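Here's the letter readout for the chains.
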Amino acid sequence: MSTAIEITATLCFALAVLHTFSVSIFARLAHRGGPHAGVWHLLAEVEVVFGAWAFVLLVAIAALADVPTAVKYLDGSNFTEALFVFAIMVVAASRPVLELARLLLYGVVRLIPVRRELGMFFLIMALVPLAGSFITEPAAMTLAAILLRDAYFRALGNARFKYLTLGVLFVNISIGGVLTAYAAPPVLMVATAFGWDTPHMLVHFGHRAAAAVLFNAVVLTWLCRRDVLAAAAATRPARQDANETDAGSGNTGRPPVPVWIMAVHLAFLAGVVLGAHHPPVFLGLLMLFIGFCSAYKRYQGRLLIKEGLLVGFFLAGLVVLGGLQQWWLQDLLGGLSPQVLYWGTAALTALTDNAALTYLGSLVHGTSEAWRTMLVAGAVTGGGLTVIANAPNPAGFALLKGYFPDESISAGKLLLAALAPTLVAAGAFLLF
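Residues numbered from 1 in each chain as written. Predicted model: local features only at pLDDT ≥ 70, side-chain atom pairs only at ≥ 80, totals over all residues. Heavy atoms only, no water.

Caption draft 1: The side chain of Thr142, seen in detail. Tracing the backbone through its elements, the reader meets Thr142 in helix α9 (residues 137-153). With residues up to four places along the chain from it excluded, the contact list for Thr142 reads Met89, Ala92, Ala93, Ala395 and Leu399. (Helix = DSSP H or I, 4+ residues; strand = E, 2+ residues; numbered from the N terminus. Contact = heavy atoms within 4.5 Å.)

Caption draft 2: Layout of the pattern of salt bridges. For the structure shown, the criterion picks out 8 salt bridges. Put simply, Lys401 and Glu47 hold a salt bridge, and the shortest N to O gap is 3.1 Å. Here Glu47 lies in helix α4 (residues 46-64) and Lys401 lies in the loop between α22 (393-400) and α23 (411-431), a separation of 354 residues in the sequence. Both residues of the pair, Lys401 and Glu47, belong to the buried class. Ionic pairing is found between Glu307 and Arg302, a salt bridge with its closest N-O pair at 2.9 Å. (Salt bridge = Lys/Arg side-chain N within 4 Å of Asp/Glu carboxyl O. Buried < 20%, exposed > 50% of the residue type's maximum accessible area, 1.4 Å probe, protein only.)

Caption draft 3: Local environment of the packing of helix α10 (residues 159-176) against α22. Contact geometry for α10 and α22: axes closest at 10 Å, N-to-C directions at 155°. Judged by the inter-axis angle, α10 sits roughly antiparallel to α22. Viewed along their axes, α10 and α22 form a crossing whose handedness is right-handed. Here Leu166, Leu169 and Phe170 of α10 come into contact with α22, specifically with Asn393, Gly396, Phe397 and Leu400. Residues that form the contact of α10 with α22 fall into these classes: 5 nonpolar, 2 polar and no charged. (Axes fitted to C-alpha atoms, helices over the stretch in contact; angles between N-to-C directions. Parallel < 35°, antiparallel > 145°, perpendicular 65-115°, else oblique. Left-handed = near helix turned anticlockwise from the far one by under 90°. Nonpolar A, V, L, I, M, F, W, Y, C, P; charged D, E, K, R; others polar.)

Caption draft 4: Just α4, in detail. In a regular helix each residue adds 1.5 Å, so 19 residues correspond to 27 Å; α4 covers 28 Å between its end C-alpha atoms and thus fits that length. Taken together, the buried positions of α4 are occupied by Val46, Glu47, Val48, Val49, Phe50, Gly51, Ala54, Leu57, Leu58, Ala60 and Ile61. Here the buried face of α4 lies against α1 (4-20), α2 (23-31), α3 (37-43), α5 (67-76), α17 (305-322) and α22. (Expected span 1.5 Å × (residues − 1).)

Caption draft 5: Expanded view of the packing of aromatic side chains. A full pass over the atoms with the stated rule returns 18 aromatic pairs. The interplanar angle of 70° and the centroid separation of 4.8 Å between the aromatic rings of Tyr163 and Phe404 together place this pair among those described as edge-to-face. Here Tyr163 is found in helix α10, whereas its partner Phe404 is found in the loop between α22 and α23, with 241 residues between them in sequence. Of the residues examined, Phe404 reaches a relative accessible area of 4% and is grouped as buried. Arranged with centres 5.2 Å apart and planes meeting at 85°, the rings of Trp260 and Tyr296 form a pair that is edge-to-face. Of this pair, Trp260 sits in helix α15 (residues 259-274) while Tyr296 sits in the loop between α16 (279-295) and α17, placing them 36 residues apart in sequence. Taken together, Phe121, Tyr152, Phe153, Phe161, Tyr163 and Phe404 form an aromatic cluster joined through their ring pairs. Its guanidinium or amino end placed over the ring of Trp222, Arg225 lies 4.4 Å from that ring's centre, counting from NZ or CZ. (Phe/Tyr/Trp six-rings, centres within 6.5 Å; stacked < 30°, edge-to-face > 60°. Lys NZ or Arg CZ within 6 Å of the ring centre and 35° of its normal.)

Caption draft 6: View of the side chain of Asp227. Tracing the backbone through its elements, the reader meets Asp227 in helix α14 (residues 225-240). For Asp227, which is buried and forms no salt bridge, the nearest opposite charge comes from Arg160, at a distance of 4.6 Å. If near-sequence neighbours (up to four positions away) are discounted, Asp227 is found in contact with Leu156, Asn158 and Phe161. (Lys, Arg positive; Asp, Glu negative; His and termini not counted.)

Caption draft 7: Examining the nonpolar core more closely. With 140 residues, the main nonpolar core has Phe50, Tyr152, Leu169 and Ile175 as its most contacted residues. No other element matches the 11 residues that α9 contributes to this core. Setting aside its immediate chain neighbours within four residues, Leu169 contacts Met125, Met141, Ala144, Leu148 and Leu400. (Core = buried A, V, L, I, M, F, W, Y, C linked by side-chain atoms within 4.5 Å.)

Following this line, the structure appears as structure tokens:
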């Protein structure tokens, strides 16, 4: 039987989800000005939503029980994922890493028999999400979002293009990380419990995910070819001076990044990825990384520490609110057949973090291999529908929201834009 605290937690969670879908309304109120514009602006920040409602929940727990109970619950929550996303965002968005990513993409695009401008857009939407299986999904999201921001979103005001691109990006990142057993948060949560390793993921999920990612990227590139070419024409003068461009902040006049600096940054990125389960390891590496960047600041851009902290705050709030939803989610998932579970998980993912769903599913005893496969497949399929559906989504949201109307991304429009690529992913997982 559910307790008052659990019911209160579910109410706070529902209000947070509703708040997430309403941020564009608060953004419009903020742009009108007035004495309360600052409050409306704060309420329009998606990264603040779940953290704020998590604070409300902790106050409620203290009122319903006592302060030590609220503190004990907070101490018992696992914030490793939130801390890791913060760390990987800062490292992956550094200028040397971005320059290395661009060089690699420029090399690959020469092998594609299409116009270079279209080929580059296709690679950002396909190759970078699939690379998330190796560098982790948050790192892939950070790289893809900044590359899209600098090459396309800054140059174009077409909101339709931006929503279509964001919808496909979120879906492709969610399914592109399942080629390995450590890169996608919903897979990571169950890999040990289910006995799944990277060969298992590659055989049972990899080819399906890769097919969907490539199909989504091809269709999007064809649909948006005029916008892509227009953005390329608008940014061509800037690309001619790319060696003098600060990839992290858009400033010019900086020297080219030496190869050895790129190599050191890549080593830091690899170290953070390998230490993803151990906060003292990756946070220690992050401190050393910040020191290294300070020592060689002429080769650096602005580190995304503020953006990373906001995304980490969002995910930490999601952990606090989601940790008390087990009382209704676990029984609901356990009573579903594999096929119904797939669609149910994909739908529920739009309303909660997909890693939380797979974790709760791993606690259900006596499940079949088909049931487990459908649980994870449904969770990653629905991971692009909303900003809260997949842990890397807030990173992309934070980096790109300033280039949408009213500097806010409509949750409803994002949902509509992600529906078609989500159905493509569903077809790949169910039919292949």
